[in-house]
Amino acid sequence: MSTTLPHEPEPTVRAALRSPRLLRTEVLAGLVVALALIPEAISFSIIAGVDPRVGLFASFTMAVAISFLGGRPAMISAATGAVALVIAPVMRDQGYDYLIATVLLGGLIQVALALAGVARLMRFIPRSVMVGFVNALAILIFEAQVDHLVDVPWAVYPMIAVGIAVIVGFPRVNKVVPAPLVAIVALTAFTVVGAVNVPDVGDQGDLPDSLPTWFLPDVPLTLDTLQVIAPYALAMAVVGLLESLLTAKLVDDITDTHSDKTREAWGQGAANVVTGFFGGMGGCAMIGQTMINVKVSGARTRISTFLAGTFLLVLVVGFGDVVALIPMAALVAVMVMVSVGTFDWHSIRPATLRRMPRSETSVMVATVVVTVATHNLAIGVVVGVLVAMTLFARRVAHLTETHRELVEDEDGASAVYRVTGELFFASSNDLYTQFAYADDPERIVIDLSASHVWDASTVAALDAITTKYARKGKVVEIVGLNESSAQRHWKLTGELP
């Protein structure tokens, strides 16, 4: 008899506050994430066409709000590129007030979708899609750093190499202080003391010098306004939820714990509403920063998420002059190592590829290719799921078999067809061709004891078979239907065009 060992319980906020070791981990993790968020938020603001402070304030409000409202502890939510790409046309064509109205509506749609149970759809995402999602994410994280490696002073390259060496080697000496933080501090000190002229955070955009304030968008509350913003708000809601729920599932796997996906879904919506009312551009879960927080820094509670947002605001408002001096090379080194750590290297080993069914590999590759090509994780995942569904339907369809047997009894000769396998649109379309209409005797029995009727396509196929036999003066009897199949057949037979 085998027993299943219970998972190690996840540290709670109360436990972290009582433990200096755990609290130190959470605080330092939040600080590292905050430093990594600053250039990201600025760049996403540029994508959306808004002032950098809009992205920075969005990252602050999203992180702080989700730390209370979210269902996945230690996950980082902030302004993201995916959301920025979706809402950028609103800013370009309608202006800032309409963009904020879009964010508010998008948040409300997310809450509605959460209450409708959208989080339960996560179970339909196959593992091969998740692997493709993770690998594509790693590639996109690395690709985002390329811009910081082109047309830069030569000193940037050795600095990045030193930063990577520190991140890899420092944990062997000391595991108390996060290695990324050590790399950032060391490289910043080097550039300041040595007066090394390399790109820094200040070159990415102006940092705000005031706190965010309450903001109400000045838009007419009319049907015309709704028609303008609704398509973008819906796209923002779907993209944000998909990325957030996938990230939550990824963190569940890394920490070997479970999270409340429904709470995470409506928490994302509520956080976007809060962000909108403070003039932020909205956002969702940030996979790269979440990996820094959970996988690199070892954070496990909501404290790190809350402090990431708090430190971000304190750093850009109170210590903006100091933060502006951080060389981009240090942050690039951190993100490169996040990319390397995120990629599932096991999935592309030759031994793994030989063992893995081709259909699984095809789904993973499709997810990666589409995601990298579109720079949109949501589109890649949707395509991956569709490819997986198609290949699964094709595989299952080939498992359906029909066996014909001629039987003689007191009632005369009859042809008995025994059908095995699942009958649905992909398999039932071929069912019509499996019968010997001209050669069969006047009585035909279709035995479905080893089958299940799943949809109207199968009922239509059975009706077509019965009709063709009837034209030849032959009688068909369908037997062996289970309760569910019989009910479906009884409701639909003769009613389909």
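Numbering of residues starts from 1 in every chain and runs along the sequence as written. In keeping with the model being predicted, local features are shown solely for residues with a pLDDT of at least 70 and side-chain atom pairs are shown and tallied solely at 80 or more, while totals for entire chains, interfaces and linings include all residues. As a rule here, side-chain values cover all heavy atoms of the structure and leave hydrogens and water aside.

**Some words on the nonpolar core**
As a reminder of what qualifies: Only buried residues count toward a nonpolar core. Its members are Ala, Val, Leu, Ile, Met, Phe, Trp, Tyr and Cys residues joined through side-chain atoms within 4.5 Å. Using a 1.4 Å probe on the protein chains alone, a residue whose accessible area is under 20% of its type maximum counts as buried, one over 50% counts as exposed, and one in between counts as partly exposed. Working definition: helices are DSSP H or I runs of at least four residues, strands are E runs of at least two. Numbering for both runs from the N terminus. Whether two residues are in contact is decided by their heavy atoms, any of which lying within 4.5 Å being enough.
By size, the foremost hydrophobic cluster in this structure holds 95 residues, and its most contacted members are I38, I125 and M281. Among the elements that make up this core, the one with the highest residue count is helix α2 (residues 20–48) (12 residues). If sequence neighbours within four positions are ignored, I125 has contacts with M130, L242, L246, V381 and V385. Counting residues in hydrophobic clusters, the runner-up holds 16 residues, among them I444, L448, V453 and L462.

**Quick notes on the sheet that holds strand β5 (residues 443–453)**
Spelled out, the test is: Note on pairing: DSSP must find at least two bridges between two strands before they are called paired. Axes, fitted as lines to C-alpha atoms, cover a helix only where it is in contact. Angles between the N-to-C directions of the axes lie from 0 to 180 degrees.
Spatial strand order, β3-β4-β5-β6: 4 strands in an open sheet with mixed pairing. Whereas interior strands pair on both sides, the edge strands pair on one side only; in this sheet they are β3 (401–409) and β6 (475–479). In this sheet, neighbouring strand axes are inclined to one another by 20 degrees on average, regardless of whether the strands run parallel or antiparallel. Here β3 pairs with strand β4 (residues 412–423) via 9 bridges, running antiparallel. Pairing of H403 across the sheet is with R418, part of β4. On the sheet, helix α19 (residues 456–471) packs against β4, β5 and β6 and is oriented at approximately 175 degrees with respect to β5.

**Focus on a negative patch on the surface**
Short version of the rule: Note on patches: the residues involved have over 30% relative accessible area and no salt bridge, like charges join within 9 Å, and the nonpolar side chains Val, Leu, Ile, Met, Phe, Trp and Tyr join within 5 Å. Residue exposure ignores everything except the shown protein chains as possible cover, and the areas themselves are Shrake-Rupley values with a 1.4 Å probe. Whenever a carboxyl oxygen of Asp or Glu lies within 4 Å of a side-chain nitrogen of Lys or Arg, that contact is scored as a salt bridge. Positive: Lys, Arg. Negative: Asp, Glu. His and the chain ends are not part of the count. To locate a charge, the coordinates of NZ of Lys, CZ of Arg, CG of Asp or CD of Glu are taken.
Together, E408, D409, E410 and D411 make up a region of like negative charge exposed at the surface. Assignment of secondary structure puts E408 in strand β3.

**A look at the packing of aromatic side chains**
How two aromatic rings sit relative to each other is set out by the distance from centre to centre and by the angle between their planes. Condition: Each pair of aromatic rings taken from Phe, Tyr and Trp, with Trp reduced to its six-membered ring, is defined by centres within 6.5 Å and is described as stacked if the planes are under 30 degrees apart, edge-to-face if over 60, and tilted in the remaining cases. We call a charge positioned above a ring when the Lys NZ or Arg CZ atom is no farther than 6 Å from the ring centre and deviates by at most 35 degrees from the ring normal.
The tally for this structure, following the rule as stated, stands at 11 aromatic pairs. Their ring planes at 10 degrees and their centres at 4.9 Å tell us that W214 and F277 sit as a pair that is stacked. Within this pair, whereas W214 is found in the loop between α8 (179–193) and α9 (223–255), its partner F277 is found in helix α10 (residues 261–277), the two being separated by 63 residues in sequence. Accessibility expressed as a relative area gives 55% for W214, which makes it exposed. Taking 6.2 Å as the distance between ring centres and 40 degrees as the angle between the ring planes, the aromatic pair formed by F435 and Y437 counts as tilted. Assigned by exposure class, F435 and Y437 land together as buried. Taken together through their ring pairs, the aromatic side chains of Y417, Y432, F435, Y437 and Y469 make up a single cluster. Here K468 stacks its cationic end above the ring of Y437, 4.4 Å away from the centre of that ring.

**With respect to the side chain of T275**
Checked against the element boundaries, T275 lands in helix α10. What makes T275 buried here is its relative accessible area of 0%. Dropping the residues within four chain positions of it, T275 is found in contact with A58, T61, M62, G280, M281 and G282.

**Some remarks on the packing of helix α6 (residues 127–146) against helix α16 (residues 358–374)**
Test applied: Definitions for this section: a left-handed crossing has its near helix turned counterclockwise from the far helix by less than a right angle. A right-handed crossing has that turn clockwise. Only Asp, Glu, Lys and Arg are considered charged, only Ala, Val, Leu, Ile, Met, Phe, Trp, Tyr, Cys and Pro nonpolar, and every remaining residue, Gly among them, polar.
Look at α6 against α16: their axes get within 8 Å of each other, and the N-to-C directions meet at 30 degrees. Here α6 runs over α16; the crossing is right-handed. Of the residues in α16, those in contact with S128, V129, V131, G132, F133, N135, A136, I139, L140 and E143 of α6 are E360, V363, M364, T367, V368, T371 and V372. Across the contact of α6 with α16, the residue classes break down as 10 nonpolar, 5 polar and 2 charged.

**Here's the deal with helix α11 (residues 287–296)**
With 8 of its 10 residues buried, α11 lies for the most part within the structure. Along α11, the residues classified as buried are I287, G288, Q289, T290, M291, I292, N293 and V294. Positive phi appears at G298, one or two residues downstream of α11, with a value of about 80 degrees.

**Some remarks on the confidence of the model for the protein chain**
Let me state the cut-off plainly: Summary of the metric used: pLDDT quantifies the predictor's per-residue confidence within the range 0 to 100.
Looking at the protein chain, pLDDT values average 88 and 98% of them are 70 or higher. For residues 1–6, every residue scores under 50 in pLDDT, and the model assigns this stretch 0 contacts once sequence neighbours within four places are set aside.

**Some points on the layout of surface pockets**
A water-sized probe rolled over the atoms picks out the places where empty space is left. In plain terms, the rule: Think of a 1 Å grid over just the protein atoms. A cavity is a set of points where a 1.4 Å probe fits yet cannot get out, a pocket is an open set with protein on both sides within 12 Å along at least five of seven lines, and lining residues have an atom within 4 Å of a point. Grid points are joined across faces, edges and corners, and a volume is the space filled by probe spheres set on the points.
Computed from the structure, the largest pocket encloses a volume of approximately 860 Å³. Lining the largest pocket are 33 residues; nearest its centre among them are E40, F44, G81, L140 and A144. Those elements that provide at least two residues to the lining of the largest pocket are α2, α4 (81–93), α6, α11 and α14 (328–342). The residue inventory of the lining of the largest pocket, partitioned by class, reads 19 nonpolar, 10 polar and 4 charged.

**Things to note about empty space enclosed by the protein**
A full pass over the atoms with the stated rule returns 1 cavity of 30 Å³ or more. In this structure, the largest cavity encloses a volume near 50 Å³. Lining the largest cavity we find I66, S67, G70, R72, P73, A74, M75, S77, E264, Q268, R302 and T305. Across the lining of the largest cavity, the residue classes tally to 4 nonpolar, 5 polar and 3 charged.

**Looking at the side chain of Q289**
By secondary structure assignment, the location of Q289 is in helix α11. Discounting residues that sit within four places of it in the chain, Q289 has contacts with V33, A36, L37, E40, I76 and M335.

**Notes on the pairing of β6**
For the record, the criterion: Note on handedness: a clockwise path from strand one over the helix to strand two, with the strands aimed away from the viewer, defines a right-handed crossover.
In terms of strand pairing, β5 meets β6 through 5 bridges, oriented parallel. Residue pairing in the sheet places I444 in a bridge with V476 of β6. In the classification by handedness, the crossover that spans β5, the intervening α19 and the parallel β6 is right-handed.

**With respect to a nonpolar patch on the surface**
Taken together, the side chains of V340, W345, I348 and L353 present a nonpolar region at the surface, about 350 Å² in accessible area. Mapped onto the elements of the fold, W345 is located in the loop between α14 and α15 (350–355). W345 gets classed as partly exposed once you look at its relative accessible area, which sits at 47%.

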